[in-house]
Amino acid sequence: MCTMWTPEVQTCQNIFPINRTVFLFLLPTYVDEQKDFLGQMFCTLGEIIGSTGSRLERTLSGIPGKKCGNIIFTAEELSNCRDIVTMQLCANKLDKKDFFGKSDPFLVFYRSNEDGTFTICHKTEVVKNNLNPVWQPFTIPVRALCNGDYDRTVKVDVYDWDRDGRQTHDHKSLTGTLNGRSHDFIGEFTTSYREFSKGQSQFNVYEVLNPKKKGRKKKYVNSGTVTLLSFKVESEFTFVDFIRGGTQLNFTVAIDFTASNGNPSQPTSLHYMSPYQMNTYAMALKAVGEIIQDYDSDKLFPAYGFGAKLPPDGKISHAFPMNFSGENPNCVGIEGVLEAYFQSLRTVQLYGPTNFAPVINQVARCAADVTDGSQYFVLLMITDGVISDMVQTKEAVVNAAALPMSIIIVGVGPAEFDAMEELDGDVVRVSSKGRIAERDIVQFVPFRDYIDRQGNQVLSMARLAKDVLAEIPEQLLGFMKTRGIIPHPAQPAASSSGTTCSITTTSITTTTSTTSSLGLNKLRI
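Please read these numbers as outputs of a predicted model, since none were measured by experiment.

(A) Expanded view of the overall build of the protein chain. Of the regular secondary structure elements, the protein chain holds eleven helices and 26 strands. Among the 525 residues that make up the protein chain, the fraction classed as buried is 50%. By sequence separation, contacts in the protein chain at least 24 residues apart represent 69% of the contacts at least 6 residues apart. Of the roughly 26400 Å² of accessible surface on the protein chain, a fraction of 51% belongs to carbon and sulfur atoms.

(B) Representation of the packing of helix 8 (residues 357–368) against helix 9 (residues 390–400). Where helix 8 meets helix 9, the axes come as close as 9 Å, and the angle between the chain directions of the two elements is 15°. Here helix 8 is positioned roughly parallel relative to helix 9, judged by the angle of their axes. Of the two possible hands of crossing, helix 8 and helix 9 adopt the one that is left-handed. In this structure, helix 8 uses Ala 357, Ile 360, Asn 361 and Ala 364 to contact helix 9, whose residues at the interface are Gln 392, Thr 393, Ala 396, Val 397 and Ala 400. The residue makeup of the contact of helix 8 with helix 9, split by class, is six nonpolar, three polar and no charged.

(C) Molecular detail of the side chain of Ser 317. Here Ser 317 is to be found in strand 16 (residues 315–317). In this structure the side chain of Ser 317 is engaged in a polar contact, spanning 3.3 Å, whose partner is the backbone nitrogen of Phe 320. Not counting residues up to four positions away in its chain, the partners in contact with Ser 317 are Gly 305, Phe 306, Gly 307, Ala 308 and Leu 310.

(D) Main features of a negative patch on the surface. On the surface, Glu 416, Asp 418, Glu 421 and Asp 426 cluster together into a patch of negative charge. Structurally, Asp 418 can be placed in the loop between strand 21 (405–411) and strand 22 (431–432).

(E) The environment of Val 428, seen in detail. Mapping Val 428 onto the fold places it in the loop between strand 21 and strand 22. The class of Val 428 is exposed, set by a relative accessible area of 60%. Measuring from C-alpha to C-alpha, the distance between Val 428 and Asp 440 comes to 9.1 Å, with twelve residues separating the pair along the chain.

(F) Representation of the layout of surface pockets within the structure. Estimated volume of the second largest pocket: approximately 270 Å³. The wall of the second largest pocket is formed by 18 residues, among which Gln 277, Met 278, Asn 279, Thr 280 and Gln 457 lie closest to the centre. Of all the secondary-structure elements, those providing two or more residues to the lining of the second largest pocket are helix 6 (280–292) and helix 10 (457–468).

(G) Region of the structure containing empty space enclosed by the protein. Applying the stated criterion to the full structure yields two cavities of 30 Å³ or more. Taken as a whole, the second largest cavity encloses approximately 30 Å³ of empty space. Together, Val 397, Leu 423, Gly 425, Arg 429, Val 430, Ala 437, Arg 439, Asp 440, Ile 441 and Val 442 line the second largest cavity. The class makeup of the residues in the lining of the second largest cavity is six nonpolar, one polar and three charged.

(H) Structural detail: the sheet that holds strand 19 (residues 349–350). Spatially, three strands are ordered 16-15-19 in an open sheet, and the strand pairing comes out antiparallel. The outermost strands of the open sheet, each flanked by one partner alone, are strand 16 and strand 19. In the sheet, strand 15 (residues 308–310) pairs with strand 19 via two bridges, with the strands oriented antiparallel. Paired with Ala 308 across the bridge in strand 19 is Leu 350.

(I) Here's a closer look at the pattern of salt bridges. The final tally for this structure, using the stated rule, is 14 salt bridges. In this structure, the salt-bridge partner of Lys 213 is Asp 95, at a minimum N-O distance of 2.7 Å. Here Lys 213 is found in helix 4 (residues 211–216), whereas its partner Asp 95 is found in the loop between strand 5 (83–92) and strand 6 (105–112), with 118 residues between them in sequence. Taking the relative accessible area as the measure of exposure, Lys 213 reaches 15% and is therefore buried. The partner of Lys 198 in a salt bridge is Glu 195, with the nearest N and O atoms 3.1 Å apart. Classification of Lys 198 as partly exposed rests on a relative accessible area of 42%. Owing to a relative accessible area of 27%, Glu 195 belongs among the partly exposed residues under this scheme. Shared partners join several salt bridges into a network, and the residues in it are Lys 286, Glu 290 and Glu 335.

(J) The packing of aromatic side chains, seen in detail. Applying the stated criterion to the full structure yields 18 aromatic pairs. Where Phe 306 meets Phe 356, the ring centres are 5.5 Å apart and the plane angle is 75°; that geometry is what we call edge-to-face. Taken together, the residues span a long stretch of sequence, with Phe 306 in strand 14 (residues 300–306) and Phe 356 in the loop between strand 19 and helix 8 at a distance of 50 residues. Note on accessibility: Phe 306 and Phe 356 belong to one class, buried. An aromatic cluster of three or more residues is present, and its members are Tyr 150, Phe 189, Tyr 193, Phe 196, Tyr 206 and Phe 231. Across from the ring centre of Phe 203, 4.7 Å away, lies the NZ or CZ of Lys 198, which sits over that ring.

(K) Focus on the sheet that holds strand 11 (residues 205–207). Pairing is antiparallel in the open sheet, where four strands are placed in the order 8-5-12-11. The open sheet has two edge strands, strand 8 (138–141) and strand 11, and neither has a second partner. Between one strand and the next, the sheet's axes are offset by a mean angle of 35°, whatever the strand orientation. In this structure, strand 5 lies alongside strand 12 (residues 225–235), joined through ten bridges in antiparallel fashion. Residue pairing in the sheet places Thr 86 in a bridge with Lys 232 of strand 12.

What counts, and at which threshold
- Residues numbered from 1 in each chain as written.
- Predicted model: local features only at pLDDT ≥ 70, side-chain atom pairs only at ≥ 80, totals over all residues.
- Heavy atoms only, no water.
- Helix = DSSP H or I, 4+ residues; strand = E, 2+ residues; numbered from the N terminus.
- Buried < 20%, exposed > 50% of the residue type's maximum accessible area, 1.4 Å probe, protein only.
- Contact = heavy atoms within 4.5 Å.
- Areas by Shrake-Rupley, 256 points an atom, 1.4 Å probe, with all protein chains shown as cover.
- Axes fitted to C-alpha atoms, helices over the stretch in contact; angles between N-to-C directions.
- Parallel < 35°, antiparallel > 145°, perpendicular 65-115°, else oblique.
- Left-handed = near helix turned anticlockwise from the far one by under 90°.
- Nonpolar A, V, L, I, M, F, W, Y, C, P; charged D, E, K, R; others polar.
- Polar contact = N/O pair within 3.5 Å; in protein donor to acceptor, adjacent residues only side chain to side chain.
- Patch = residues over 30% accessible without salt bridge, like charges linked within 9 Å, V, L, I, M, F, W, Y side chains within 5 Å.
- Salt bridge = Lys/Arg side-chain N within 4 Å of Asp/Glu carboxyl O.
- Lys, Arg positive; Asp, Glu negative; His and termini not counted.
- Charge placed at Lys NZ, Arg CZ, Asp CG, Glu CD.
- 1 Å grid on protein atoms, 1.4 Å probe; cavity = no way out; pocket = protein on both sides within 12 Å on 5 of 7 lines; lining within 4 Å.
- Points joined across faces, edges and corners; volume = space filled by probe spheres on them.
- Pairing = 2+ DSSP bridges.
- Phe/Tyr/Trp six-rings, centres within 6.5 Å; stacked < 30°, edge-to-face > 60°.
- Lys NZ or Arg CZ within 6 Å of the ring centre and 35° of its normal.

What follows is the structure in structure tokens.
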């Protein structure tokens, strides 16, 4: 049996050394998201590129006593084209394939390769029981569709979906012939990006032809037609484009000062200030902060604590500036934040409860004042326990999702953080009072999952930073795209004026300072 997956274009650019080992393991994804291990293999990128025709076939292994089959790699250098296309198609009078009903059609798009083969680059959804389907608009990178070659052939197949089917049509490609029941092949047509780009016109109405039926029936005309309804081209901007264009990441820290952390003077406390090593709060702060500070030119970071009793009257605060300067909560650099954190431990009384909403709302108010794409706010919250104000926090997150803002939550200590997963909208988007967050802006991770077993703090911090910062670029791009914001041209390597937004427990103040340009050689996200 030969199976062809629908691949997203996987790129290996300058960040990928040619002798780096490629580790591949296969997990088929079904509708219910259940996955079974199919096999694995190891090779180097150099082996793939250096093989004849940049085509490498290897045997899969990994399941004792079972043949896992083979996998074929093909490599082609991608163009630098960064355009993305959104298109919509419909069909008319397709062949009826189902005995008890009409066809359930879907489209499969193939990019032609340099060696004459074809690679699947997109599949549409299935439209049930309809010979005149209208498919939903879909978006695809131009380099995935034709690798930037506007005249390269694009092949489109029309299939009638069967519940346990697979494509069987032979494209002189990697698909081959498949065993078992299959989706029914209705027909095919070819076109190109250049033809598609003419938009809705007589040039983009295609006859769907079935070569076998055409060979058997003298009066055969076609198996229906497919029409392009819309075709829109946009530039695909990257995180780096926005940073080069002057977008600043404003980094804010909020640390949990509740009593569940333990007495800071005791070694068992999560806030224990050991003379020999950093505690987990300091490690998390330093790991994330030292990377993100490279994207903030003035290096001034508002830093807050929550859940503590403050001197002199013992009032509980859920958003107190750790430097105890009500007018200016900014700390200079990550070292300044750490210094303020340690000073707060000596000054405040750990108490409770663990309320997140006040700090989130403060940063959100600041982000609401700067929605033009010039600034993006990242709030790092470090906590040891379950959120006490979950209802209010969900509402705060839903509101913040409409703003240029992301939230990173790092859980420290041995507590169970199951409830915290509700805020991380990777699977189910956060909702509050019937409103669903328009973006996933929360990334939650428990620090214990990243602690090196050998006690290497540097490695633990690197692992943590890699994961918690991984979603920030896409979250930033998601906000910019929904607001139609495009990056400014890259700034010259000269000093420029930057604006930072400082927040206090009672007001929002804006200060302007002269700053140097970003050091792009330090990009690490």
